[in-house]
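Understanding the architecture of this molecule
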Amino acid sequence: MRRICALNIFLLGVVMATSQEWPVIQTDAKPATRWWWFGNAVDKENLTYNLESLSNAGLGGVEITPIYGVQGNETKEIPYLSASWMQLLKHVEDEGKRLNINIDMSTGTGWPFGGPHVDIADAAVKSIFREYRLTEGESLPDRVEPLDANQRGVASLSCLMAFSENQRIDITGKVTDGYLKWKAPAGSWRLIALFAGKTLQQVKRAAPGGEGYVIDHYSSKAVANYLSVFEQAFRENGIPYPQSFFNDSYEAYGADWTPGFLQAFAERRGYHLEHYFPEFLDSTRNETTRRIVSDYRETLSELLLENFTRQWTDWAHRHGSTTRNQAHGSPGNLIDLYSAVDIPECEGFGLSEFHIRGLRKDSLTRRNDSDLSMLKYASSAAHISGKQLTSSETFTWLTEHFRESLSQCKPDLDLMFTSGVNHIFFHGTPYSPKEAPWPGWQFYASINMSPTNSIWRDMPAFSDYIARCQSFQQMGQPDNDFLLYLPLYDIWDEQPGRYLAFDIHKMAERAPEFIKLVHKISSCGYDLDYISDNFIRNTSCENGLLVTSTEASRYKAIIVPPIRLIPHDILRHLLGLAQNGARIIFLEKYPDDVPGFAQLSQRQLEFQQIAKSLPNASFRETQVFPMGKGRIITGADYAETLRQGNARAEELQTAYGLNFIRRSNATGYHYFVASLQEKDMEGWISLGVDAQSVSFYNPVTGESGMAQTRRQNNQTQVYLQLRSGESIIIRTFNTEKAGKPWFYPDEISPAISLDRDWTLRFIESEPAINEIFTLEQPVSWTVLNNPDVVCNMGTALYTSEITIDALSADDWILDLGDVRESARVRINGKDAGICWSVPYRLRIGKFLQKGNNLIEIEVTNLPANRIADYDRRGINWRIFKDINVVNLNYQKSDYAGWQPLPSGLNSQVRLIPVRAHQFD
């Protein structure tokens, strides 16, 4: 037992959650999860068990996604949408109401949409081109058919064109019974046949009753036929529709065509694509080819938007449901696709590297392909269309299986929040029967948010964090400063090939300059939303602010990046907005030309006439030109140019490197702020908005209080302390508010190292460990002298006593150092809090007493050591069909070679006296 010779403990400004009001936690503010049903082998008892487990852990929603089954479990599998399956859905909906859990479902099993009811006519389509050469008087002796034998019988001839030096002839009508009845006229002829082939792609990871072809997403008829199957199932079984229907990321591989494409192209683009097949197929990508390919990409995007996304959403609305959609991975305009649904959803994939001090690093990770620029597509669409929620598929492949910790989750979660996400969906939770042997049923990709994972023990604290953050993130309206024009025509023009999908793993290749631009603007202290051409066409200016839709918030300026191509009507509308009072910012240069091929000379002439109205700017310096009631702002120095955009740069970013997002509310503004960096920060920060008073909220602990503020240089400043990895919510008020002050701690030297007289025993462990260990100092239990400590999963209780005789301090901080992986702390028998993220510190002064003090720390490790032992002993737990369980590289996995991960308290534990910071 330690004795500290000192006197008097003063608790000044200890603030609990009741000192300032938190928003009421609604169900949507709680985290939700994707709920995988293996083979639909579910039953009512275990469905209730699973849902109750989720509810007890603080979750507020599930999304049912049936997938492949468990080996040898076929007798329990239930066909998708069968009467039995629908009754189980009804049971889940009823239990969801009882437990206050929202019930969503995927509009199909696995992904993408498809199944047994999709016949070959409605299946996904790909273009197949075949060429022939003829000279004068020759005929084609062979059948006009694809070279691929697998396509014969399923592919149909869409068009056959003949090209000579100066002629383009459609000879499709000359084909009878597969043979061309046509002799080549004088000259050399190049014949190009286009077939509407079939990708023959089957639904990935399909559940029983969901196997079959992927649908043709560009066909209105195919989509309507697909949705009619759901209508029939719900109607015949009398089951209420779920709250929301979900669509996963677009993974219809090679689906680049639809049978009606040529007609749709001609109607939308004003010319016949088939007349330009040689240019369309030219791999050298000259100017003409690039323009035609851009038109093809735009047409494909429009068909996906109108025939799939909007039709699906309209269908859901007719039945009282909403839609949640991942547009990424598709060949469409992501902003328009995301905005066409009720809840746009982005996706995190991998682990970001923020260099947060003290955060455990794992060698078995993959880089997160979704940075700020990628995540903002979904939130931008929500913001400019006035949608309340932006969701995210969260923690996909964060690390390898069984190695994910809550501490690793938090930084990428905070990145989601600062990118505009306010409706978290975990990826995900496997349905697992209570009776299934550990590790239960496992999805092939991490993360596993379920009771079979040891991190579940402290999941309620993690859920509380998310709910607190999202209660603010869902309150009020977004307050981003600028709109950033999405340079989609430049991207379509620059990227090689024909079909172009915007999946998260290739965005660095698709739009490298745009990504740099987004980060550069962000580093200048401004937040932004992307805007598409279609939204610009409907944007107006009111009182100098830009309005993108009736329900949306207002923006201070539109930024046009250094682009080459922009439609002439968009440039005209931008100048019209300036005339009406808007600020339009051109960075580095003006656009040069129009996109597309049809009526090019006429459109270029119109563009040139409009461009004459642009001020004569040098771009070597920042210039502001009056235009009507508004301004045209030009420059190449981003910070200086954006400073003219009528928005204040946030010092949170420019001075301290903090990530943030700001929203407005009825009484002021509120920020979510995260320190996703290695350094701590402390100091006065000028806010981008004015305030009469400011309050702080700690979403990890629930503490809140009134912040210290002052006026400096005609701006509101707030004093902030934020350590590496921490986050905080800042709320500003337009009026003076009173309340308990926020406690600003200053550490007093020396800190007290609790480096002896510890005991350790396991309160939960598999395998069971009954020994009690005596420790000189806290150490990872994997170094103890017991063969089971290197292969167990469990919770150990570290206990020590300390005597405090006399030490003047306003409060005390318990610094647990390196925790593997989460810790519950009790002081003198009272719960002092849960540490699940860096910096693993708690204020505990109010729990201490003069004399002896009992310190108890329950630490829970990861399941990695246990599963590695399973593999070393040859226990067969990989019992799943289809892909079974794979590693980060989608290869068969084996964990027998894993070295034991440290578990428990892995460093020095310190007790730090602190005084309240003194302000002048």
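Above this note sits the structure.
Residues numbered from 1 in each chain as written. Predicted model: local features only at pLDDT ≥ 70, side-chain atom pairs only at ≥ 80, totals over all residues. Heavy atoms only, no water.

1. Focus: the overall build of the protein chain
- When its secondary structure is counted, the protein chain shows 19 helices and 48 strands.
- Projected onto its principal axes, the C-alpha coordinates of the protein chain cover approximately 110 × 75 × 50 Å.
- When each of the 920 residues of the protein chain is scored for burial, the buried share is 65%.
- Of all intrachain contacts in the protein chain linking residues separated by at least 6 positions in sequence, the fraction that spans at least 24 positions is 80%. (Helix = DSSP H or I, 4+ residues; strand = E, 2+ residues; numbered from the N terminus. Buried < 20%, exposed > 50% of the residue type's maximum accessible area, 1.4 Å probe, protein only. Contact = heavy atoms within 4.5 Å.)

2. A word on helix α2 (residues 83-99)
- If you check α2, its first and last C-alpha atoms are 24 Å apart, about what 17 residues at 1.5 Å a residue would give, namely 24 Å.
- Residues of α2 that are buried include every one of W85, M86, L88, L89, H91, V92, E93, E95, G96 and L99, and no others.
- In the core, the buried residues of α2 are packed alongside β2 (32-38), α1 (44-56), β3 (61-67), β4 (102-106) and α3 (220-237).
- Following α2 by one or two positions, N100 adopts a phi angle in the positive range, close to 60 degrees. (Expected span 1.5 Å × (residues − 1).)

3. Comments concerning the pairing of strand β26 (residues 623-627)
- In β26, alternate side chains face the same way, and those of Q623, F625 and M627 are buried while those of V624 and P626 on the opposite face are not.
- Where β26 hands over to strand β27 (residues 630-635), the hairpin turn is made up of two residues, of which G628 adopts a positive phi near 60 degrees. (Pairing = 2+ DSSP bridges.)

4. Brief notes about the nonpolar core
- Ranked by internal contacts, the top residues of the largest apolar core, which has 254 residues, are F462 and L816.
- Tallying contributions element by element places helix α6 (residues 287-318) first for this core, with eleven residues.
- Residue contacts for L816: discarding those within four places in its chain leaves A823, V825, C835, Y840, I857, L905, S907, Q908 and V909.
- Among the nonpolar cores identified, the runner-up in size contains 22 residues, and L658, F660, M681 and V689 belong to it. (Core = buried A, V, L, I, M, F, W, Y, C linked by side-chain atoms within 4.5 Å.)

5. Things to note about the sheet that holds strand β21 (residues 540-542)
- Overall, antiparallel pairing links the three strands, which are arranged β21-β22-β23 in an open sheet. Each having just a single partner strand, β21 and β23 (554-555) make up the two edges of the open sheet.
- Pairing geometry for strand β22 (residues 545-547) and β23, over two bridges, is antiparallel. The residue bridging L546 from the neighbouring strand is Y555, located in β23.

6. Digging into the packing of helix α15 (residues 568-579) against helix α16 (residues 600-611)
- It is the contact of α15 with α16, at a shortest axis distance of 9 Å, that shows an interaxial angle of 20 degrees. As the angle between them shows, α15 and α16 are arranged roughly parallel. Crossing handedness for the pair α15 and α16: left-handed. Along its contact with α15, which presents H568, L571, R572 and L575, the element α16 presents R603, E606, F607, I610 and A611.
- The residue inventory of the contact of α15 with α16, partitioned by class, reads five nonpolar, one polar and three charged. (Axes fitted to C-alpha atoms, helices over the stretch in contact; angles between N-to-C directions. Parallel < 35°, antiparallel > 145°, perpendicular 65-115°, else oblique. Left-handed = near helix turned anticlockwise from the far one by under 90°. Nonpolar A, V, L, I, M, F, W, Y, C, P; charged D, E, K, R; others polar.)

7. Structural notes on the packing of aromatic side chains
- All chains considered together, the criterion is met by 66 aromatic pairs.
- Arranged with centres 4.2 Å apart and planes meeting at 15 degrees, the rings of F234 and Y241 form a pair that is stacked. The pair formed by F234 and Y241 is uniform in burial state, with each residue classed as buried.
- A centroid spacing of 5.9 Å and a plane angle of 5 degrees characterise the contact between F308 and W312, whose relative ring orientation is stacked. A residue pair is termed a helical-turn pair when its members lie 3 or 4 positions apart in one helix, as F308 and W312 do in helix α6 at four residues.
- Between the NZ or CZ atom of R205 and the centre of the ring of Y444, over which it lies, the distance is 4.8 Å.
- One Lys or Arg, R324, reaches over the ring of F425 and ends 3.7 Å from the middle of that ring. (Phe/Tyr/Trp six-rings, centres within 6.5 Å; stacked < 30°, edge-to-face > 60°. Lys NZ or Arg CZ within 6 Å of the ring centre and 35° of its normal.)

8. Focus on the pattern of salt bridges
- Here the structure, examined in full by the defined rule, presents 67 salt bridges.
- Its salt-bridge partner being E393, residue R34 comes within 3.1 Å of it at the nearest N-O pair. Taken together, the residues R34 in strand β2 and E393 in strand β16 (residues 391-396) connect sequence positions 359 residues apart. Across this residue pair, the class does not change: R34 and E393 are buried. (Salt bridge = Lys/Arg side-chain N within 4 Å of Asp/Glu carboxyl O.)

9. Quick look at the sheet that holds strand β8 (residues 168-170)
- The four strands lie next to each other as β6-β11-β7-β8, forming an open sheet whose pairing is antiparallel. Of all strands in the sheet, those bounded by a partner on one side alone are β6 (125-135) and β8. This sheet shows a mean twist of 20 degrees between the axes of neighbouring strands, independent of strand direction.
- The pairing of strand β7 (residues 156-163) with strand β11 (residues 188-198) spans seven bridges and is antiparallel. For M161, the partnering residue across the bridge sits in β11 and is I192.

10. Concerning unusual backbone geometry
- In this chain, W111 is followed by P112 through a cis amide linkage whose omega measures -10 degrees.
- As for its placement among the helices and strands, P112 is situated in the loop between β4 and β5 (114-115).
- Between R820 and E821 the backbone carries a cis peptide bond, its omega angle lying at 15 degrees.
- By the element assignment, E821 lies in the loop between β42 (819-820) and β43 (822-827).

11. Observations regarding the pairing of strand β28 (residues 659-665)
- Across the seven residues of β28, seven count as buried, placing the element largely inside the fold.
- Every second residue of β28 is oriented toward a common face, with N659, I661, R663 and N665 on one face and F660, R662 and S664 on the other, all of them buried.
- Pairing of strand β18 (residues 477-478) with β28 involves two bridges; the strand directions are antiparallel. Each residue of the ladder has a partner; that of P478, found in β28, is R663.
- Hairpin connection of β28 to strand β29 (residues 668-674): two residues between the antiparallel strands.

12. Regarding the environment of Q708
- Mapped onto the elements, Q708 comes out in the loop between β32 (704-706) and β33 (709-712).
- Owing to a relative accessible area of 31%, Q708 belongs among the partly exposed residues under this scheme.
- C-alpha separation for the pair Q708 and V694, spaced 14 residues apart in sequence, amounts to 7.6 Å.

13. So, the environment of D746
- In this structure, D746 sits in strand β36 (residues 745-747).
- Residue D746 is classed as partly exposed on the basis of its relative accessible area of 25%.
- Sequence separation between D746 and R291 is 455 residues, and the spatial gap between their C-alpha atoms is 63 Å.
- The contact partners of D746, leaving out residues within four places of it in the chain, are E682, Q721, P913, V914, R915, H917 and Q918.

14. Side note on the environment of H91
- With respect to the secondary-structure elements, H91 resides in helix α2.
- H91 sits in the buried class, given a relative accessible area of 17%.
- Along the backbone, H91 and Y489 are 398 residues apart, and their C-alpha atoms lie at a distance of 49 Å.
- Every residue in contact with H91, bar those within four places of it in the chain, is listed here: K44, L47 and T48.

15. Some words on helix α19 (residues 864-872)
- Of all nine residues that make up α19, eight are buried, and the element is covered over most of its length.
- For α19, the complete set of buried residues consists of A864, N865, R866, I867, A868, D869, Y870 and D871.
- For α19, the secondary structure elements touched by its buried residues are β38 (758-766) and β40 (793-804).
- Positioned one or two residues after α19, G874 has a phi angle of 75 degrees, which is positive.

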